[in-house]
Amino acid sequence: MSWGTELWDQFDNLDKHTQWGIDFLERYSKFVKERLDIEQAYAKQLRNLVKKYCPKRSKEEEPRFTTCLSFYSVMNELNDYAGQREVVAEEMAHKVYGELMKYSQDLKAERKHHLQEGRKAQQHLDQCWKLMDNSKRKFERECKEAEKSQITYDRLDNDINATKSEVEKAKSQFYTRTRMADESKNEYAAQLQNFNAEQWKHFNNAIPHIFKNLQDMDERRTVKLGETYRSFAEAERRVIPIVSKCLEGMVSAAKAVDMRRDSVIVVESFKSGFEPPADFPFEDFSQNLSRTGSDGTISNTPKGDRDHDRDRDGAPGSRPDPKHPMSRTKNKLWLFGKKPKAPSLEDFSHLPPEQRRKRLQQRIDELSKELQKEIDQRDALNKMKDVYEKNPQMGDPTSLQPKISETICNMEKLRSEIHKNETWLSEVEGKQSSRGDRRHSADNHHHTPQGRESPEGSYTDDTSQEHHAPQQQQQRTSPPKPGQPNPDLHEFDDEFDDDDPLPVIGHCKALYSFDGQNEGTLVMAEDEVLYIIEEDKGDGWTRARKQGGEEGYVPTSYVEITMEKNSKGAVTYI
């Protein structure tokens, strides 16, 4: 059906209907806007919720329990779910709300144009009707005047008393009015014909065309609403696969909860490595009492056993030494007793053995990563130096030497730290049995103060004492003189059970080249950077190490030495 033929006389109603259609479109646009605002607010609240319950954590606070890991996985999936809600809001904002608002403006402009054309056509028809009506009124008026003039002329013509001039005047007036009536008649007929033609055009061409345009506009509005309804649903449907994956991830996180693993983690986290306290011996304070046969009591402890106890304890009724480890276990007798806070030490000796081992291993891993970074940086600087040497126009090779030296020193520091921590770790793990025997013999002359940690990892309260094993490990022999036979290092294999390198205490730069022909000496080139691992003992020789690990003695006067501030001895510049 066409509005132009069926509703040719309903211009006002069509005007109201098209306005209602645009109002409905804008109302739906407002609905979509409020919906996407809800989605955005929902996504924001979800993200804030995740941020609240999943704050940034330090490395030590990283979760390990499966319940915590699963919870954080659920939070991550929820954060992804919030992202999908934001995607829904964005899709609605661009593909639904934005298009609706733009289309609404276009509809308003198009409707205004069509209604203006309809009003112009109606105004033109009204003007034609006015012209026709005016000509009709004029023709009617002229006819009445002609009739009056005719009546006047007939009356004077029949009146014998009327003069001839009066009759002639009335006759002339009659003819004039008759002629004017005929002209008005012709004009009226022409205007009527023109109006009928314009009216036919109006209701058969202009109005049907305008109403057809309004009908097309309204139908397009209807189609557009259907498309936006579909887009509204598609925005939700597109995220359903990802939302399903988020929900599946939450389900997988729930399945990953393992009570046995959590129990094992609790054991690993709090296991001290100590053995349960042994039974306390019975202390018989009645041994010194003299008993007679008349007492009627018999000692439950045989005499031989009492004598054996005396010999074992060293004195009758002797009390356990308060410095003895057994006496110190009284503070740790109860399983759920409150542990005293111990000061944090570099070697983690304030921790139980098992926890100390884990912390040392963790530190060794971190230092190893830092060492690898320094090695990569050194290699990169050496490559850059080679490029500068081959292409001097690109840069000065000597400008990289300070940075290379600094990197090398950092590497040696890290190696020294790794070696030191590995030594402590080997103490805890009991891998240095021969060294432990040697340290045990030395500890017989150096009494451990009460509360100090034993090498096996018991608690300590005295932070002024330091470990002596690393210092004993750094004992070095006198450097050989050039020309003299190098001492046989294999004779010390019985004393030292490992070949750990000596720590770096500084670095040096060769002022002159040295061929190192004698046994035990080190070949070096001019301007070569070496590591100092042993100072000059007054014999004119300094023990050094190359970057490749080769060690030997170089003349002290041939090098410029820089000692590290934190190494043994003061800073020395030669």
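For the structure itself, consult the block above.
Residues numbered from 1 in each chain as written. Predicted model: local features only at pLDDT ≥ 70, side-chain atom pairs only at ≥ 80, totals over all residues. Heavy atoms only, no water.

This part is about the overall build of the protein chain. Looking only at helices and strands, one finds twelve helices and five strands in the protein chain. The long-range fraction of contacts in the protein chain, counting pairs at least 24 apart against all pairs at least 6 apart in sequence, stands at 71%. Total accessible area on the protein chain is roughly 37400 Å²; 52% of this is exposed by carbon and sulfur atoms. (Helix = DSSP H or I, 4+ residues; strand = E, 2+ residues; numbered from the N terminus. Contact = heavy atoms within 4.5 Å. Areas by Shrake-Rupley, 256 points an atom, 1.4 Å probe, with all protein chains shown as cover.)

In terms of nonpolar packing, the biggest core is built from 36 residues, with Y28, V32, L78, M92, F211 and L214 touching the most fellow members. Those elements that place two or more of their residues in this core are helix 2 (11-53), helix 3 (66-158), helix 4 (164-238) and helix 5 (240-255). Apart from residues no more than four positions distant in its own chain, L78 is found in contact with L46, L49, V50 and M250. Within the second largest apolar cluster, 15 residues are counted, among which are I505, A510, F514 and L522. (Core = buried A, V, L, I, M, F, W, Y, C linked by side-chain atoms within 4.5 Å. Buried < 20%, exposed > 50% of the residue type's maximum accessible area, 1.4 Å probe, protein only.)

In this section: the packing of aromatic side chains. The way to describe two aromatic rings as a pair is by their centre distance and the angle between their planes. Tallying each qualifying case throughout the model produces 14 aromatic pairs. Ring geometry for Y512 and Y558: centres 5.7 Å apart, planes at 75°, overall edge-to-face. Residue Y512 is located in the loop between strand 1 (506-510) and strand 2 (529-534), and its partner Y558 is located in the loop between strand 4 (551-555) and strand 5 (559-563); the two are separated by 46 residues in the primary sequence. Three or more aromatic residues joined by ring pairs form one cluster here, namely Y28, F31, Y229 and F232. (Phe/Tyr/Trp six-rings, centres within 6.5 Å; stacked < 30°, edge-to-face > 60°.)

Moving on, we get to a nonpolar patch on the surface. Together, W20, F24 and Y229 make up a nonpolar patch on the protein surface, roughly 310 Å² of accessible area in all. Tracing the backbone through its elements, the reader meets F24 in helix 2. Exposure remark for F24: the relative accessible area of 30% places this residue in the partly exposed category. (Patch = residues over 30% accessible without salt bridge, like charges linked within 9 Å, V, L, I, M, F, W, Y side chains within 5 Å. Salt bridge = Lys/Arg side-chain N within 4 Å of Asp/Glu carboxyl O.)

Running from amino to carboxyl end, helix 9 (residues 353-390) crosses helix 10 (residues 401-429) at an angle of 160°, the nearest separation of the two axes being 9 Å. The angle between helix 9 and helix 10 places the two elements in the roughly antiparallel class. For the crossing formed where helix 9 meets helix 10, the hand is left-handed. Taken together, the residues that form the contact of helix 9 with helix 10 break down as 15 nonpolar, eight polar and 13 charged. (Axes fitted to C-alpha atoms, helices over the stretch in contact; angles between N-to-C directions. Parallel < 35°, antiparallel > 145°, perpendicular 65-115°, else oblique. Left-handed = near helix turned anticlockwise from the far one by under 90°. Nonpolar A, V, L, I, M, F, W, Y, C, P; charged D, E, K, R; others polar.)

Take N213: it is sitting in helix 4. Sequence spacing of N213 and R111 is 102 residues, and the spatial spacing of their C-alpha atoms is 8.9 Å. Once residues within four sequence positions are removed from consideration, N213 is found in contact with E110 and H114.

Turning next to the packing of helix 3 against helix 4. At their nearest, the axes of helix 3 and helix 4 sit 6 Å apart, and the two run at 170° to each other. With respect to each other, helix 3 and helix 4 are oriented roughly antiparallel. The residue inventory of the contact of helix 3 with helix 4, partitioned by class, reads 33 nonpolar, 18 polar and 23 charged.

Turning to unusual backbone geometry, a few remarks are in order. Phi angles above zero are rare outside glycine, and D527 is one such case at about 70°. Checked against the element boundaries, D527 lands in the loop between strand 1 and strand 2. Taking relative accessible area as the criterion, D527 reaches 46% and is therefore assigned partly exposed.

Inspection of every chain in the model, using the stated rule, returns 28 salt bridges. Note that R220 is salt-bridged to E110, the shortest N-O span being 2.4 Å. Residue R220 is located in helix 4, and its partner E110 is located in helix 3; the two are separated by 110 residues in the primary sequence. A relative accessible area of 22% places E110 in the partly exposed class. Notably, a salt bridge pairs E551 with R543, separated by 3.2 Å at the nearest N-O pair. E551 sits in the partly exposed class, given a relative accessible area of 31%. Connected via shared salt-bridge partners are E412, R415, E534, R543, R545 and E551.

Taking strand neighbours across the sheet as the criterion, the five strands line up as 4-3-2-1-5 in an open arrangement whose pairing is antiparallel. Each edge of the open sheet carries a strand with a single partner, namely strand 4 and strand 5. Across the sheet, the mean angle from the axis of one strand to that of its neighbour is 40°, orientation sign disregarded. Of the pairings in the sheet, the one linking strand 1 to strand 2 comprises four bridges and is antiparallel in character. Counterpart to G506 in the pairing with strand 2 is I532. Where helix 10 meets the sheet, its contacts fall on strand 1, strand 2 and strand 3 (541-545), and the angle it forms with strand 2 comes to roughly 30°. (Pairing = 2+ DSSP bridges.)

For the rest of this paragraph, the subject is the side chain of N421. Inspection of the secondary structure puts N421 in helix 10. When its relative accessible area of 0% is taken as the criterion, N421 is described as buried. Setting aside residues up to four positions removed in sequence, N421 forms contacts with L360, R363, I364 and L367.

Let us now look at helix 3. Because each turn of an α-helix spans 3.6 residues, side chains separated by three or four positions end up pointing in the same direction. Taking 1.5 Å as the rise per residue, helix 3 with 93 residues should run 138 Å; its terminal C-alpha atoms sit 133 Å apart, in good agreement. Helix geometry: helix 3 is bent most strongly at A93, by close to 35°. (Expected span 1.5 Å × (residues − 1). Bend = angle between axes of the 7 residues up to and from the residue.)

A few words now on the environment of T152. Mapped onto the elements of the fold, T152 is located in helix 3. A sequence separation of 18 residues divides T152 from A170, and the C-alpha atoms of the two residues are 6.5 Å apart. From its side chain, T152 meets the backbone oxygen of K148 in a polar contact 2.9 Å long. (Polar contact = N/O pair within 3.5 Å; in protein donor to acceptor, adjacent residues only side chain to side chain.)

What follows concerns the pairing of strand 1. On any regular strand, side chains alternate: one points to one face of the sheet, the next to the other face. Across the five residues that make up strand 1, a large majority, four, are buried. Note that strand 1 and strand 5 share five bridges and pair antiparallel. Looking at strand 5, one finds that A510 is bridged to V559.

These figures come from the coordinates and say nothing about function on their own.
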